[in-house]
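Each chain, written out:
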Amino acid sequence: MALNLFPFDEIRSGQDEIVSDAEEALKQGKNLIAHAPSGLGKTAASLSPSLEYGLKNDKTVFFLTPKHSQHKMAVETTEKIMEKHSVDITVADMIGKRWLCSAEGIRDMSSSDFQDYCKTLKEEERCRYYNNTFEDISSLSDKAVKKLSELKGEALLAEDVKRKTEKFCTYEILVNHAKQSDLIIGDYFHIFHPGVRQAFLNKADKVLEDSILVVDEAHNLPSRTRSLLSKKLSTYQISRAQKEAGEFGYLEERRILEDLEDIIVDLGKDMDSREEEITKEDLKKRIDKIEDYDTLIDRMERVARDAYEENDRSYCSSLKDFLEAWKGKDEGFVRFVRKRKSRNDNIYYTCLYECLNPQLSTKEVFDEAHSSILMSATLTPMRMYSDLLGLEEGGTFRKAYSSPFPSENRSYLVVDSVTTKYKERDEEQFEKIAWFLSKSLEEVPGNASAFFPSYKLRDQVKDKISTDKRVLLEKRNMSKEDKSELLDLFRKRNDCFLLGISGASFSEGVDFPERSMDAVFVVGLPLKEPDLKTKALIDFYEYKFGKGWDYAYIYPAMKKALQAAGRCVRTKKDRGAVVFMDRRYTWNNYRKVFPPEVKLEDTDAPWKELGEFFSQ
């Protein structure tokens, strides 16, 4: 095992295995699915062998993440490599074009709105940032070339590049910078969106065959890539599009849009349930009666172009995008109408075109790339991710790595005498759950949290809990400031008890301060009654893999439970206990999803084990 570019003096146990396995995958041109528990140092262990191989073999490394915030770790790791080994590595940090744009009033635009807005301004030569960047259609201006040369050999976050290039189109500067880069840090969108990938690679002068992909938080990839190919259109959007058409004098278009709104309402108003599947032709034929389908798309584009002359967004543009997508393929998709109530109790309807098959975005990418490393702390069962993403069995290594944290710092308990199974939910069960929580909290010296399957169930239990700790409630649609304030309480106090929701912000998207959580209670299984999309996923995965219920229903719920459990022990210094409160966690079909580092102990009296654990 070579460690020529490892950024630290010492390598942790487990890190060395990832480095060695990554080197072998790179050497053979294969893929590696790495289930690597939190704290293992995945970024350094995957980036260092990838960069080393890439520099020696003229390959470009792509480090891909689901969130902008995760780019910082990759940039900082690369800086450490450069500093420690005195090697020049040119890095291009790419984020969405909208976030790189210096124009005012674009933050609230949707991505598709911004793309159309940007395209219109460029074509009409009204974007001063783009005009400053290019001398003509294919040549950078002298000032832009100078800015580009300043980035050579640097590892800068996209936000830092934006500050350095505020008078230019930062996106175009970065894409040109990518041509000279050894490492491109980007979002999933840049490589896995079929409508974006080839244009981006062409602009950056890169090809997948000469690329190494490092996919961070890869458990998000199946759902994220499906969402990239999904579209929806609501009666609310159509109403706003009507207003927009009228404001710009398109009276005939406004009349057609009024008829279109009636069509969507008619499709949904007689439904026996809240959702009902429809076909492509159910909508298309009805539209053809009021206006030729493709002509309507052209009409919406004309309205949008005029709207972008004065506004930062266009509802007609979004409507056009939906109509174009609706013409797409049937296999691997489901189409349906949904009926909902707004906050002021008005009924509205939505047409949805939902992608069921993540392979439509991923398989071609993984087939063509030289090698790919997919890593996450929740990549079990690993076979499922191979199947969903289309990774060839003979071309993929799968390995679960051991936790770097001392086993004596962790306790995993299962309480099999309670459940949140729907048919057994009653006041007696809620009282029992509350009593187990109250009794167990007496043995937890510091902060704790409990994550429930839903807000409704949480609220049915919360008033029955008796504790001296300060009770905090996660709320729907909490602002960034509210979340920060709650986290500050965990940082400053040692007597907080958070009642949160599995799958919501505090169970997945928020990192609690170090050593601030002594215990996590995962109450029940976050299984919801399957909606139409979930049922379609179950049917599709059953047809494709023979594992519909597992892949579309049970395993995603278990992933949410494990993400919630992971709030407790995040570093070597953390010491904590996780209590899974539902008898179904003892069932084999659920238990086999637990990663190898989770050693479960069944109990009917968790407070006893908690008392012993925290007294050590």
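Residues numbered from 1 in each chain as written. Predicted model: local features only at pLDDT ≥ 70, side-chain atom pairs only at ≥ 80, totals over all residues. Heavy atoms only, no water.

Our next topic: the overall build of the protein. For the protein, the count of helices and strands is 27 helices and 18 strands. Relative to the globule expectation of 25 Å for 616 residues, the C-alpha radius of gyration of the protein, 26 Å, shows essentially globular dimensions. Overall, the protein is about 70 × 70 × 50 Å in size when its C-alpha atoms are taken along their principal axes. By residue count, 56% of the 616 residues in the protein fall in the buried class. Of the roughly 27900 Å² of accessible surface on the protein, a fraction of 43% belongs to carbon and sulfur atoms. Once the 99 positive and 110 negative side-chain charges of the protein are each reduced to a mean point, those two points are 2 Å apart. (Helix = DSSP H or I, 4+ residues; strand = E, 2+ residues; numbered from the N terminus. Rg over C-alpha atoms; globule rule 2.2 N^0.38 Å. Buried < 20%, exposed > 50% of the residue type's maximum accessible area, 1.4 Å probe, protein only. Areas by Shrake-Rupley, 256 points an atom, 1.4 Å probe, with all protein chains shown as cover. Lys, Arg positive; Asp, Glu negative; His and termini not counted. Charge placed at Lys NZ, Arg CZ, Asp CG, Glu CD.)

In terms of nonpolar packing, the biggest core is built from 108 residues, with I191, F192, F200, F366, V522, F580 and Y585 touching the most fellow members. For this core, the leading source of residues is helix α25 (residues 548-565), giving eleven residues. Core analysis: the second largest hydrophobic core is formed by 36 residues, L267, M271, M300 and V337 among them. (Core = buried A, V, L, I, M, F, W, Y, C linked by side-chain atoms within 4.5 Å.)

This part takes up the sheet that holds strand β18 (residues 600-603). Taken in spatial order, the seven strands make up an open sheet running β14-β15-β13-β16-β17-β12-β18, and their pairing is parallel. On the outer flanks of this sheet lie β14 (470-473) and β18, each paired with one strand and no other. Going across the sheet, the axis of each strand differs from the next one's by a mean of 20 degrees, ignoring polarity. Where strand β13 (residues 448-452) meets strand β15 (residues 496-501), five bridges bridge the pair, whose relative direction is parallel. (Pairing = 2+ DSSP bridges. Axes fitted to C-alpha atoms, helices over the stretch in contact; angles between N-to-C directions.)

Summarising the element assignment, T77 is placed in helix α3 (residues 71-85). Those residues in contact with T77, other than ones at most four positions away along the chain, are P7, T43, A44 and L47. For T77, the side chain forms a polar contact with the main-chain oxygen of M73, separated by 2.8 Å. (Contact = heavy atoms within 4.5 Å. Polar contact = N/O pair within 3.5 Å; in protein donor to acceptor, adjacent residues only side chain to side chain.)

Turning our eyes to something else, we now look at the pairing of β14. One face of the sheet, then the other: side chains in a regular strand alternate in exactly this way. Both β14 and β15 contribute to a ladder of four bridges, which runs parallel. The residue of β15 that forms the bridge with L472 is L498. Taking the sense of rotation as the criterion, the β-α-β connection linking β14, helix α22 (residues 480-492) and β15 turns out right-handed. (Right-handed = clockwise from strand over helix to strand, strands pointing away.)

Turning our eyes to something else, we now look at the side chain of K97. Here K97 shows up in helix α4 (residues 97-100). Buried within the structure, K97 lacks any salt-bridge partner; its nearest side chain of opposite charge belongs to E172, at an N-O separation of 5.3 Å. Residues contacting K97, with those up to four places away along its chain left out, are F114, Q115, C118, K122 and Y171. (Salt bridge = Lys/Arg side-chain N within 4 Å of Asp/Glu carboxyl O.)

Looking at where E310 falls in the secondary structure, it is placed in helix α16 (residues 293-310). Its relative accessible area of 65% is what places E310 among the exposed residues.

This model, assessed by the stated rule, comprises 40 salt bridges. Between D367 and K363 there is a salt bridge, and its shortest N-O distance comes to 3.4 Å. Taken together, the residues D367 and K363, both in helix α18 (residues 359-368) and four residues apart, mark about one turn of the helix. On the accessibility criterion, D367 (43% relative accessible area) is partly exposed. With a closest N to O distance of 3.3 Å, D463 and K462 form a salt bridge. Overall, K462 belongs to the partly exposed group, its relative accessible area being 23%. Within the structure, one salt-bridge network assembled from shared partners comprises E123, E124, R126, R305 and E309.

If you trace the backbone, R584 turns up in the loop between β17 (576-581) and α26 (588-591). We classify R584 as buried; its relative accessible area is 7%. Engagement of the side chain of R584 in a polar contact is seen with the side chain of D582, the distance being 2.9 Å.

Quick look at the sheet that holds strand β2 (residues 60-65) now. Taken in spatial order, the seven strands of this open sheet run β3-β4-β2-β5-β10-β1-β11, and their pairing is parallel. Because the sheet does not close on itself, it has two edges, and the strands there are β3 (91-93) and β11 (396-400). Taking the axes of each pair of neighbouring strands and ignoring which way they run, one obtains an average angle of 15 degrees across the sheet. As paired strands, strand β1 (residues 31-35) and strand β10 (residues 371-376) are joined by five bridges and run parallel to one another. Among the inter-strand pairings, A34 is bridged to a residue of β10, identified as M375. The strands that helix α9 (residues 170-179) touches are β3 and β4 (183-187); relative to β3, the one it contacts most, it runs at about 150 degrees.

Below, the discussion takes up the confidence of the model for the protein. For any part of a model where pLDDT is low, the fine detail of the predicted coordinates should not be relied upon. Residues with a pLDDT of 70 or more make up 98% of the protein, whose mean pLDDT is 92. Element-level pLDDT for the protein is lowest in helix α23 (residues 505-509), with a mean of 75, against a maximum mean of 98 in strand β5 (residues 211-215). (pLDDT = per-residue confidence, 0-100.)

All right, on to α25 then. Spanning 18 residues, α25 covers 25 Å between terminal C-alpha atoms, matching the ideal 26 Å at 1.5 Å per step. Most pronounced at I554, the bend in α25 amounts to some 35 degrees, and the proline P556 follows within four residues. Of all the 18 residues making up α25, 15 are buried; the element is thus mostly covered by neighbouring parts of the structure. (Expected span 1.5 Å × (residues − 1). Bend = angle between axes of the 7 residues up to and from the residue.)

Two numbers describe how helix α20 (residues 427-441) lies on helix α21 (residues 455-462): the axes approach to 9 Å, and their chain directions differ by 75 degrees. Compared by their axis directions, α20 and α21 come out roughly perpendicular. For the pair α20 and α21, contact is made by F430, I433 and A434 and by L457, Q460 and V461, respectively. For the contact of α20 with α21, a count of residues per class yields five nonpolar, one polar and no charged. (Parallel < 35°, antiparallel > 145°, perpendicular 65-115°, else oblique. Nonpolar A, V, L, I, M, F, W, Y, C, P; charged D, E, K, R; others polar.)

Moving on: the side chain of E275. Considering the arrangement of structural elements, one finds E275 in strand β7 (residues 275-277). In terms of polar contacts, E275 uses its side chain to reach the backbone amide nitrogen of L532, at 2.9 Å.

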